[in-house]
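Descriptive analysis of the structure
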Amino acid sequence: MRKTYFTALVAFLFFSVECQAKVRLPHILGDNMVLQQDTNVRLWGWDTPGKKVTVTTSWDNTSVSAKTGNDGLWTVSVKTPKASYNPYTITFDDGEKTTLKDILFGEVWVCAGQSNMEMPMKGFDNCPVEGYNDYVIEAKQFHGIHYVKIPSVMSMRPLDDADCQWKAIDPSTIGDCSATGYFFARMVNKAIDVPIGLVMANKGGTRVESWLDAANLQRYTTESLDSMENVRKFSWDFLRPLVWGNGTFRPILNYTVKGILFYQGCSNVGDPKGQYTSRLKLLVEQWRRDFAQDDIPFYFVEICPYFNDDVNGDWGAKLREQQFNAQKVIPNSALVCTNDLVYPWETQQIHPCQKRQVGERLAYHALHRDYGMESILCESPSVKEWKFSGDTCYVQIQNHYNAISRYEDIQGFELAGADKVFHKANARYYWTQGIIVTSPEVKEPVAVRYCFRNFQLGNVKNAAGLPLFPFRSDDW
């Protein structure tokens, strides 16, 4: 009896060791994934230390091998073909084979940020996405759009894996895809006809500090790295520094991607002047380093008008100003203006329903900058200069593409005199003078603003129908 028990125990332990020895892949490497086309991509996983792992790709029938280190980690690089809707396989063999199926090649983009990027097509409670049913019905027309949602997980230490699964867009899966990400993918897919992969690594409510790593937080901020101190300081866990980058973003950093889409900033409203600009730049540098892609495109979204407890306050506008300044100091970046993408009745809606235009404006930048479609007009207009003369301010804008949306009834401008009190202004456009701004309450203006309040909607657009960025001439 004892001999039989001992033999069974040995057999069980042997079987357990064999099971544990089988190659283990991170969840992001899975069936239905989209790999970045026509480049060298990283594939990685874990196995018994000292084990040889052979990776065989079906598109070229070649194999490459790696030996695991003392930590059990192995990494290989494989050459991918040009984009294709044909499904391929990859086999990982350490003596026992694991095969991934239905792999496509195309363009892979990260969808990062807070809740307006996380917001799915089906919306949040009391926060719908405009036109949802129509997009469900047409979803089957856009084949080759796949997404993977990285679970929102906090961790004090960097995690190397996340429990996730790739899904192909169809009427049954579209509801859980990031709305902003989907509309970006839909437009790019329509324009260049290749598969699009979306890696959704985001968390609602997070600050930019939530994604910075420990070294950057310690060197460039005064944020605490003590978990209990942060629990006491931030009752809302989404505001805590470090932990979301460690738990939600770190698991994707070995994956080879084309670029990053970023929609975040609401939780940083109120930051001191210049702080958000410098920390966003720092975050982009961190991600480019960690992806080992120094010039990876970074396209981000201006926070929408929102009442922030007072529609006439300017703290939301000052964060938008910091975002605008960030695009000037972050190489290979672009900012999407959203001043026109809220309805007048959405003053207290922090998740505006017009997500299609946000995703499409991000896509315009990618198509123009990364996919050779230079005829696409992707830039929003911005102020070039202003001049005061008597009771009038003359405003010149750039990136107008030789046209603006209207000559008359221009809304959103304000003027102030030496008393620093702003009054609603009348504005009209004349091609030789620019936008001509006056106010009967301000006889000698010294400052001009456009939509520089928490919630203020303008109507100036360029020839592409893209809205004028809010601005101010003063520094009050």
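The structure displayed is predicted, hence computed values, not measured ones.

Considerations on the overall build of the chain
Helix and strand counts for the chain stand at 10 helices and 21 strands. Along the first, second and third principal axes, the C-alpha set of the chain runs to 105 × 50 × 40 Å. A burial count over the chain gives 54% of its 476 residues as buried. Counted over contacts in the chain with a minimum sequence separation of 6, partners at least 24 positions apart contribute 72%. Here the chain has roughly 21,200 Å² of accessible surface; of this, 50% comes from carbon and sulfur atoms.

Section: the packing of aromatic side chains
Using the criterion set out here, one finds 26 aromatic pairs in the structure. Ring centres of Trp236 and Phe238 lie 5.6 Å apart, and the angle between their planes is 25°; this geometry places the pair in the stacked category. The exposure class assigned to Trp236 is exposed, which follows from its relative accessible area of 56%. On the accessibility criterion, Phe238 (21% relative accessible area) is partly exposed. Here Phe422 and Trp476 contribute two aromatic rings whose centre-to-centre distance is 5.6 Å and whose plane-to-plane angle is 50°, an arrangement assigned as tilted. Highlighted residues: Phe422 in strand 17 (residues 422–424) and Trp476 in the segment after strand 21 (471–472), separated in sequence by 54 residues.

A few points about the sheet that holds strand 16 (residues 413–416)
Read from one edge of the open sheet, 4 strands run 17-16-20-21, paired in antiparallel fashion. Only two strands of the sheet have a single neighbouring strand rather than two, namely strand 17 and strand 21. Inspection of the sheet shows strand 16 paired to strand 17 by 3 bridges, in the antiparallel sense. Bridge pairing in strand 17 places Ala416 opposite Phe422.

A word on empty space enclosed by the protein
As enumerated under the stated definition, the model contains 2 cavities of 30 Å³ or more in all. Computed from the structure, the largest cavity encloses a volume of approximately 70 Å³. Asn116, Cys266, Val269, Ile303, Cys304, Pro305, Tyr306, Asn308, Gln349, Ile350 and Pro352 are the residues that line the largest cavity. Classifying every residue of the lining of the largest cavity by side-chain character gives 8 nonpolar, 3 polar and no charged. Every residue lining the second largest cavity is listed: Leu335, Val336, Cys337, Arg361, His365, Cys378, Glu379, Ser380 and Leu466. Among the secondary structure elements, those contributing two or more residues to the lining of the second largest cavity are strand 13 (333–336) and helix 10 (356–370). In the lining of the second largest cavity, the residues fall into 5 nonpolar, 2 polar and 2 charged.

Remarks on helix 10
For an α-helix, the turn length of 3.6 residues means that residues three or four places apart are oriented alike. Under the 1.5 Å per step criterion, the end-to-end length of helix 10 is 20 Å for 15 residues, consistent within 8% with the ideal 21 Å. Along helix 10, the residues classified as buried are Gln357, Val358, Gly359, Glu360, Arg361, Leu362, Ala363, His365, Ala366 and Leu367. Where helix 10 is buried, its residues meet strand 7 (97–113), helix 4 (179–192), strand 11 (259–263), strand 12 (298–301) and strand 13. Backbone geometry just after helix 10 places Gly372 at a positive phi near 75°.

Let's talk about the layout of surface pockets
Quantified by volume, the largest pocket comes out at close to 500 Å³. As for the largest pocket, its lining consists of 29 residues, of which Glu321, Gln322, Asn325, Phe452 and Arg472 are closest to the centre. Only helix 9 (315–329), strand 14 (382–389) and strand 21 provide two or more residues apiece to the lining of the largest pocket. With 10 residues, the single largest contributor to the lining of the largest pocket is helix 9. Classifying every residue of the lining of the largest pocket by side-chain character gives 12 nonpolar, 7 polar and 10 charged. Reported here for the second largest pocket is a volume of approximately 210 Å³. Lining the second largest pocket are 13 residues, and of these Gln114, Gly205, Cys266, Ser267 and Ile350 sit closest to its centre.

Quick word on the confidence of the model for the chain
The predicted model of the chain has a mean per-residue pLDDT of 95, with 96% of residues at 70 or higher. Across residues 1–19 the pLDDT falls below 50, and counting only partners more than four positions away or on other chains, this stretch makes 0 contacts in the model.

As for helix 9
In this model, helix 9 (15 residues) spans 22 Å end to end at C-alpha, consistent with the 21 Å of a helix rising 1.5 Å per residue. Within helix 9, the full set of buried residues consists of Gly316, Ala317, Leu319, Arg320, Gln322, Gln323, Phe324, Ala326 and Gln327.

Parameters and conventions
- Residues numbered from 1 in each chain as written.
- Predicted model: local features only at pLDDT ≥ 70, side-chain atom pairs only at ≥ 80, totals over all residues.
- Heavy atoms only, no water.
- Helix = DSSP H or I, 4+ residues; strand = E, 2+ residues; numbered from the N terminus.
- Buried < 20%, exposed > 50% of the residue type's maximum accessible area, 1.4 Å probe, protein only.
- Contact = heavy atoms within 4.5 Å.
- Areas by Shrake-Rupley, 256 points an atom, 1.4 Å probe, with all protein chains shown as cover.
- Phe/Tyr/Trp six-rings, centres within 6.5 Å; stacked < 30°, edge-to-face > 60°.
- Pairing = 2+ DSSP bridges.
- 1 Å grid on protein atoms, 1.4 Å probe; cavity = no way out; pocket = protein on both sides within 12 Å on 5 of 7 lines; lining within 4 Å.
- Points joined across faces, edges and corners; volume = space filled by probe spheres on them.
- Nonpolar A, V, L, I, M, F, W, Y, C, P; charged D, E, K, R; others polar.
- Expected span 1.5 Å × (residues − 1).
- pLDDT = per-residue confidence, 0-100.

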